[in-house]
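Here's the letter readout for the chains.
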Amino acid sequence: MATLREIKTRIKSIKSTQKITKAMEMMAASKMKKAQQTALAGRPYVQKLGDVINNLVHLSDPPLHHPLLDRQKVPGTVGRSGYILLTSNRGLCGSFNSGILKKMIETLQTDPDPRETVITVGRKGRQVMERGGFNIVADFENLSDKPTFMDTIGISQTIIEEYLNGKLDKVFLVYNHFHSTLSQKPVVKQLLPISGDLDQLPQNFHTDYIFEADKPELLDKLLRRYLEIAVFQTVLESVASEHSARMMAMRTASDNAKDIIARLTLHYNKARQSKITTQILEVVSGSVSQ
């Protein structure tokens, strides 16, 4: 049975841990609010840009074509896939990393081509992919908690180059999609060819846009910008999900520490009362024997 000193030491230790988890919860909460606002604010822009591209492609006569939209493949061949995996650099964020890594491994196991190409964003993802022996062509683990558009340009440019050079036939984003503070869902979303992504957007083809530049040249620039914005938006979604997951994980840890402290305090008081009762009985027994 633990002594009173040992119980008191445990209580003190858990209280110190609780202070740390509480501080981390408050830090994550302050970052989470800004990250959520930024992620939600970017969604309408991506959708509207996709709508403009849809109008440009389908209302042109004849319809415009571009390799980034749907590159022609050799019949009978299996397309080689590329994946952009977004995880965090640090842990202590609940199932944020484990959930998306499990989704990634399941996806790779079902891919018919064993020559997958992976671009990792975040240290945790890179470590797991390296241990699994997957082909990592690029790694971006130095993104800040407040990533800017220019911070993610390297990711989109790497993917565009690999795709246009024929090294990849499809590219997917694997990340935690932000739904709410309590809900972040691991998803696998096709990025290239873009036609698969644009087909999911509302088809508002009656908008009367006036295109002043040469349409094929304009389409090339819009598609590249769309990819850059899509990657940036995905990073924002992942960051918002990470801060939310970390805040909830630290809140749960703080609550668990509070429960443990309450149980140990009760145990300490019972042991202390038992010790006092034993001492009183010893004193009374000594007096009677005299």
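Look up: the structure comes first, before these words.
What counts as what
- Residues numbered from 1 in each chain as written.
- Predicted model: local features only at pLDDT ≥ 70, side-chain atom pairs only at ≥ 80, totals over all residues.
- Heavy atoms only, no water.
- Helix = DSSP H or I, 4+ residues; strand = E, 2+ residues; numbered from the N terminus.
- Buried < 20%, exposed > 50% of the residue type's maximum accessible area, 1.4 Å probe, protein only.
- Contact = heavy atoms within 4.5 Å.
- Areas by Shrake-Rupley, 256 points an atom, 1.4 Å probe, with all protein chains shown as cover.
- Pairing = 2+ DSSP bridges.
- Axes fitted to C-alpha atoms, helices over the stretch in contact; angles between N-to-C directions.
- Core = buried A, V, L, I, M, F, W, Y, C linked by side-chain atoms within 4.5 Å.

(A) Quick peek at the overall build of the protein chain. Helix and strand content of the protein chain: 7 helices and 5 strands. Along the protein chain, helices (α) and strands (β) appear in the sequence α-α-β-α-β-α-β-α-β-β-α-α when read from the amino end. The 290 residues of the protein chain split such that 41% are buried. Long-range contacts, defined here as pairs at least 24 residues apart, represent 76% of the contacts in the protein chain between residues at least 6 apart. About 16,400 Å² of surface is accessible on the protein chain, with carbon and sulfur atoms providing 55% of the total.

(B) Spotlight on the sheet that holds strand E1 (residues 81-86). With mixed pairing, the 5 strands of this open sheet are ordered in space as E3-E2-E1-E4-E5. This sheet does not close on itself; its edge strands, each paired only once, are strand E3 (135-140) and strand E5 (183-192). The mean inter-strand angle of the sheet, taken between neighbouring strand axes irrespective of direction, is 25 degrees. Examined bridge by bridge, E1 and strand E2 (residues 117-121) share 5 bridges and lie parallel to one another. Bridge pairing in E2 places Leu85 opposite Thr120. Here helix H3 (residues 96-110) sits on the sheet in contact with E1, E2, strand E4 (170-180) and E5, set at roughly 175 degrees to E1.

(C) Just unusual backbone geometry, in detail. Backbone torsion omega between Leu192 and Pro193 reads -5 degrees, so that peptide bond is classified as cis. Among the structural elements, Pro193 can be located in the loop between E5 and helix H6 (195-198). Phi at Leu92 is positive, roughly 55 degrees, even though this residue is not glycine. Assessed through its relative accessible area of 55%, Leu92 is described here as exposed.

(D) The arrangement of the pairing of E1 in detail. Among the 6 residues that make up E1, 6 are buried, leaving the element largely enclosed by the rest of the structure. Alternating residues of E1 divide into Ser81, Tyr83 and Leu85 and Gly82, Ile84 and Leu86, and every residue in both groups is buried. Alignment of E1 against E4, held across 5 bridges, turns out to be parallel. Its bridge partner being in E4, Gly82 is matched across the sheet by Val171.

(E) Quick look at the nonpolar core. Core analysis: the largest hydrophobic core is formed by 44 residues, its most contacted members being Ile84, Leu191 and Leu192. For this core, the leading source of residues is helix H7 (residues 215-289), giving 14 residues. If sequence neighbours within four positions are ignored, Leu192 has contacts with Leu68, Ile159, Tyr163, Asp169, Lys170, Val171 and Leu227. Counting residues in each nonpolar core, the second largest holds 11 residues, with Leu85, Leu101, Met129 and Phe172 among its members.

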